[in-house]
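A look at the structure
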Amino acid sequence: MVKKDKRKSKRVNIKKARQKLIKEKKKLHPDQDLQMDKKSTKKIDIRLEKETKLYWIRAITAALSGLLGRLVFGFIGWPLLIWMLCFWFITPFVVSFVILKYDYDKEEWNWKNIIKPGIGIFFFLFMIVTTVTHTFLAFL
C-alpha cells in the first residue's frame, strides 16, 4: 500500500480561500459590516493581476532571450548560463519598476513577489527555445 507524503503542500487558490473565509465570517457575525474585507480582497486581486502580468512578460522574455542568446550572439555553455541568469534575475525588476511602474511596498509588493512569478515558465521556455535553435543551427 502506498502512503501519501504528508509534506506535500496543497495548491490553494487565494481568491477562493479568501471568499470562503469571508462567507464563514458572515455566518459567525451577520450583523457586522465587512467593508474591510472587500478592500483587502481588492488588494489581493490587484497583486494577482500584477503577478500575472509579470508572469507573461517573463515568458516572452525567456523565449526572446533564449533565441537572441543562441542565434544572434552564439552563446554555448557557461556564457549561455550567465546570459540566462541575468535575464532571470534582473529583467523582472526592470519590468516591474521601469516599464510597469509599480511602487515598492515592503508588505504588499516586495522583492519576493517580483522574483516568484514565472520562474518555472522562464526556465522551461528558455531551455526549449535554445535547444531547438541550437539543433537547427547544428543541422545547417
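In short, a report on the structure. (Residues numbered from 1 in each chain as written. Predicted model: local features only at pLDDT ≥ 70, side-chain atom pairs only at ≥ 80, totals over all residues. Heavy atoms only, no water.)

Looking at the secondary structure, you find Ile-60 in helix α2 (residues 35–72). Take Ile-60: its relative accessible area is 52%, and that puts it in the exposed class. Linking Ile-60 and Phe-126, residues 66 residues apart in sequence, is a C-alpha distance of 9.5 Å. (Helix = DSSP H or I, 4+ residues; strand = E, 2+ residues; numbered from the N terminus. Buried < 20%, exposed > 50% of the residue type's maximum accessible area, 1.4 Å probe, protein only.)

On to the nonpolar core. Counting residues in each nonpolar core, the largest one holds 7 residues, listed as Ala-62, Leu-80, Trp-83, Met-84, Trp-88, Phe-122 and Phe-126. Put simply, the parts of the chain that give this core at least two residues each are α3 (78–89) and α6 (119–139). The element contributing the most residues to this core is α3, with 4 residues. The contacts of Leu-80, once residues within four sequence positions are left out, are Gly-69, Arg-70, Phe-75, Phe-126 and Thr-130. (Core = buried A, V, L, I, M, F, W, Y, C linked by side-chain atoms within 4.5 Å. Contact = heavy atoms within 4.5 Å.)

As a further point, take empty space enclosed by the protein. Across all of its chains, the model carries 1 cavity of 30 Å³ or more by this definition. Within this model, the largest cavity holds a volume of roughly 50 Å³. Contributing to the lining of the largest cavity are Leu-54, Ile-57, Arg-58, Thr-61, Thr-91, Pro-92, Val-95, Ile-114 and Pro-117. When contributions to the lining of the largest cavity are tallied by element, the ones reaching two or more residues are α2 and α4 (91–99). With 4 residues, the single largest contributor to the lining of the largest cavity is α2. Its residues assigned to classes, the lining of the largest cavity shows 6 nonpolar, 2 polar and 1 charged. (1 Å grid on protein atoms, 1.4 Å probe; cavity = no way out; pocket = protein on both sides within 12 Å on 5 of 7 lines; lining within 4 Å. Points joined across faces, edges and corners; volume = space filled by probe spheres on them. Nonpolar A, V, L, I, M, F, W, Y, C, P; charged D, E, K, R; others polar.)

If you add up the space inside the largest pocket, you get close to 300 Å³. Ranked by residue count, the leading element in the lining of the largest pocket is α2, at 6 residues. Residue composition of the lining of the largest pocket, by class: 5 nonpolar, 1 polar and 8 charged. As for the second largest pocket, its lining consists of Arg-47, Leu-48, Glu-51, Thr-52, Tyr-55, Lys-116 and Pro-117.

Bringing α4 into the picture now. Of all the residues in α4, the buried ones are Thr-91, Pro-92, Val-95 and Ser-96. Viewed end-on, α4 has its buried residues packed into an arc of 130°, placing them on one side of the element. Phi for Lys-101, located one or two positions after α4, is positive at around 55°. (Arc of directions from axis to C-beta.)

On the surface, Trp-78, Leu-81, Leu-85, Phe-89, Ile-90, Val-94, Phe-97, Val-98, Ile-99, Tyr-104 and Trp-111 cluster together to form a nonpolar patch covering roughly 1100 Å² of accessible area. Looking at the nonpolar patch, the elements with two or more residues in it are α3 and α4. Its place among the elements puts Tyr-104 in the loop between α4 and α5 (111–115). (Patch = residues over 30% accessible without salt bridge, like charges linked within 9 Å, V, L, I, M, F, W, Y side chains within 5 Å. Areas by Shrake-Rupley, 256 points an atom, 1.4 Å probe, with all protein chains shown as cover. Salt bridge = Lys/Arg side-chain N within 4 Å of Asp/Glu carboxyl O.)

Within the fold, Arg-70 resides in helix α2. Put simply, Arg-70 is tucked away with no salt bridge, and the nearest opposite charge, on Glu-51, sits 33 Å away. Residue contacts for Arg-70: discarding those within four places in its chain leaves Phe-75, Ile-76, Leu-80, Thr-130, Thr-133, His-134 and Leu-137. (Lys, Arg positive; Asp, Glu negative; His and termini not counted.)

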